[in-house]
Amino acid sequence: MKIVYPKEEVCMACRLCEVACITEHSKSKDTLKAYKKENPAPLSRTLVEEIFPGLSVSVMCRHCSDAPCIEACFTSAMHRLALSEVEGKPDGRVIVNEPKCVGCWMCIMACPFGVIKRNQYIGEGQGDNPLNPPLLRGKGKGQEIKVKLSSKCDLCPDRSIPACVEACPNKALVHEERN
Amino acid sequence: MLYKTPTYYEFKVERDDERCIRCQVCVRQCSYNSTFYNAEEDRIFNIDANCVGCHRCDTYCPTDCITIKRVGENFKENANWNSWAIRNINKQANTGGILLTGMGSDRPHRIYWDHIVVDASQVTNPSIDPLREPMELKTYLGRKPDSIEIETLTRPHPNPLPKGEGVRGKGRGSEGITLKTKLAPQIELNIPIMFSAMSYGAINFNVCEALAMAAEKMGTYYNTGEGGLHKNLYKYGKNTIVQVASGRFGVHLDYLGVSAAVEIKIGQGAKPGIGGHLPGEKVTEEVSKTRMIPVGSDALSPAPHHDIYSIEDLRQLIYALKEATNYEKPVSVKIAAVHNAAAIASGIVRAGADIVALDGIRGSTGAAPVMIRDSVGIPTELALAQVDQRLRDEGIRNWASIVVAGGIRNSADVVKAIALGADAVYIATSALVAIGCTVCQKCYLGKCAWGITTNDPYLARRQNPELAAEKLVNLLTAWSREIKEMLGGMGLNAIESLRGNRERLRGMGLSDRELKILGLKHAGEGM
């Protein structure tokens, strides 16, 4: 399966991968709106880890074959996609089914790479909308509630090459299959 | 800024706050501490006095919100005391030091390439379409024999070479003739463009590797400069010209052994007559191993070679190097273009050099005093014409190839240089510009934001060798296509037919004296 691999020897810590990730996972897909207008603000699913001087690397989900996050998830929100939604081809990516996620953070505890983010925001409760986490379902429409979701790299299902790979100006991220 | 010596800053960084998303890409990219983020205000600010105008920040800004403007050019108008003169005096009054700079001269010396035009075929001689017909850019550098002896074979050669080997790809006996004369060592160039000397230390390992990879891919050569050759680059030895300079940094038998050719550097166009100085801060562990000097010590190349005080002494070094390389590699001698270049070149050729490299006043450097860079030496075009003419007049032009450096900016300059008498050209600034350099002239600080002239590991990784090599290959490919088109236009199908063919050039807007020195007719004069 093709995933994103970082090449730390040429990562220059510009963090444009994060900007691209935020833009790609925003509602508007527009950098300015994603950063300045959108509420909840979209999160970056990759993080450039920096150790000064001179070492940096962009870290995102490895889509492990024996993913501990899937084992840890008791609502089965974290699951492996068997077939791609778009083309129906075999797929192995690990993704979050947001309507099922209750924000217990067990996946975060289990992830050996620390690449799952807490996506928390105060949002409007939408009554019986199935998109609401189960524990919050049924709360009144228009009510401000705290939404808690796990957020992680989904390998950009709408793109052939993930946004971070395409945005990296120094080709420090590669999208390829390795054994 | 408060508490600082008064200087007149050159650039102003303007940021459109409507578009700034505080991603801080610019803050991390600026290596000159000109940009910083204030968390309390949640805003990015600039210290304009620190900006060198390298355009790293605005190039990487994801929302294009940065504009860099030149300021301080609005001093009271004065043709004599312009901002250049005022700034220089201001800097020296503050520091008491020699003014330093990097890259080639930025003064408005006449660029003769821009006053030379190229011929094309019309009606009486057909032009050639390089997309339909073969076009040869291959050239060989090295001493050519005065005459050749050919042996004609009536029967097939007893030891025929496998197909595709031998001179010009032909088998030894395939046409029934064989060359009896023993040729001096030659280096083969698929395009008449090589990467000029840039030392490991002045530029970092990633850039060296990119140059080596591009040279290998394009079938040409790069030059190590005087910084020695890193062990990891030995595998590109077949495409490496190694330099032996006055400091002798990193010169040993393996270094000479892995190379394709050896170059003795007498002078450099940017700073004729003075030595080099690599500041101790740039001498890292790896640079120290390669140069064979202690970590953190300044690498000072003496102004002269202390064993060369005459042409006879030069001959000794040339033959010492030939002896050390078993007479298998051509030896080049590089000089800065100076007033007496033609006579000096004649001496160099007679001393046994196989290649003469000429570097003109616009030649680049990692660090040089401003006054020397801008005022010492002569334009490379004039030196080239004079050297070529002198060697022809003396009947020794075939004894050595001429390589010209210092201000080759495009393929037209290459064509003009070859028609003026060069065998090949060296490019360096063009190559660096191809991988990001914006010629901000701050190489001597070792903080290059584009990751080129710096050994800081945080900055050096901004050059991905594979990506940089790809850009260099693209540049050379583009130039070779353009050169083929221009050759075809002149009705020529090989670069060697253009060499020294000044009849295909004309001067424009030059005085009689300049035309005489260049050996050109004025535009409008027929054959």
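Residues numbered from 1 in each chain as written. Chains lettered and ligands numbered in written order. Predicted model: local features only at pLDDT ≥ 70, side-chain atom pairs only at ≥ 80, totals over all residues. Heavy atoms only, no water.

Focus on the interface of chain A and chain B
Worth spelling out the cut-off: Any two residues having at least one pair of non-hydrogen atoms within 4.5 Å are treated as being in contact. Two parts lose some accessible area (1.4 Å probe) when they are put together, and adding that loss for both gives the buried area. The term salt bridge refers to a pairing of a side-chain nitrogen on Lys or Arg with a carboxyl oxygen on Asp or Glu at a separation within 4 Å. The numbering of helices and of strands both runs from the N terminus, where a helix is a DSSP run of H or I of at least 4 residues and a strand a run of E of at least 2. In this count, Pro and Cys sit with the nonpolar residues alongside Ala, Val, Leu, Ile, Met, Phe, Trp and Tyr, while Asp, Glu, Lys and Arg are called charged and the others, Gly among them, polar.
Listed per partner, the contact involves 23 residues of chain A and 24 residues of chain B. Buried area between chain A and chain B, both sides added, is near 1900 Å², and the carbon and sulfur share of it is 58%. At the junction of chain A and chain B, the tally comes to 2 salt bridges. Elements that contribute at least two residues to the side of chain A that touches chain B include exactly helix H1 (16-24), helix H2 (31-36) and strand E3 (55-59) of chain A. In terms of residue count, H2 of chain A provides more of the side of chain A that touches chain B than any other element does, 4 residues in total. Residue classes in the side of chain A that touches chain B are distributed as 12 nonpolar, 4 polar and 7 charged.

Considerations on the domain arrangement of chain B
It is common to report an interface's size as the accessible area lost on association of the parts. Residues and elements named next belong to chain B. Where we set the bar: Note that domain bounds follow an automatic or database assignment of domains. N or O atoms closer than or at 3.5 Å make up a polar contact, with two conditions inside protein: a donor-capable atom paired with an acceptor-capable one, and, for residues adjacent in sequence, both atoms drawn from side chains.
Segmentation of chain B into domains returns domain 1 (11-97), domain 2 (150-182) and domain 3 (187-522). On a C-alpha basis, the centroid separation for the pair domain 1 and domain 3 is 33 Å. Each partner contributes to the interface: domain 1 provides 13 residues, whereas domain 3 provides 14 residues. A combined buried area of about 1100 Å² lies between domain 1 and domain 3, and 57% of that area is made up of carbon and sulfur atoms. Of all residues in domain 1, Ser 31, Tyr 32 and Arg 56 bury the most surface against domain 3, accounting for 45% of the area lost on that side. Between the two partners, domain 1 and domain 3, sit 0 salt bridges. Run the count over domain 1 and domain 3 and you get 7 residue pairs in polar contact (both at pLDDT 80 or more). Elements represented by at least two residues in the side of domain 1 that touches domain 3 include exactly helix H1 (25-29), helix H2 (56-60) and helix H3 (83-95).

Considering the environment of Asn 204 of chain B
Residues and elements named next belong to chain B. By secondary structure assignment, the location of Asn 204 is in the loop between strand E11 (193-197) and helix H4 (205-218). In the structure, Asn 204 is positioned 245 residues away from Ala 449 in sequence and 13 Å away in space, judged by C-alpha atoms. Each residue touching Asn 204, except ones within four places of it in the same chain, is listed here: Gly 451, Ile 452, Thr 454, Asn 455 and Ala 460. A polar contact is formed between the side chain of Asn 204 and the backbone oxygen of Ile 452, at a distance of 3.2 Å.

Quick look at the environment of Gly 377 of chain B
Residue and element names in this part refer to chain B. For clarity, the cut-off: Only protein chains enter the accessibility calculation, which uses a 1.4 Å probe. A residue is then buried if its area is under 20% of the maximum for its type, exposed if over 50%, and partly exposed in between.
Position of Gly 377 relative to the elements: it lies in the loop between helix H9 (370-375) and helix H10 (380-393). When its relative accessible area of 19% is taken as the criterion, Gly 377 is described as buried. In this structure the C-alpha to C-alpha distance between Gly 377 and Asn 125, which are 252 residues apart in sequence, comes to 40 Å. With sequence-adjacent residues up to four places away left out, Gly 377 is seen in contact with Pro 272, Ala 337 and Ile 361.

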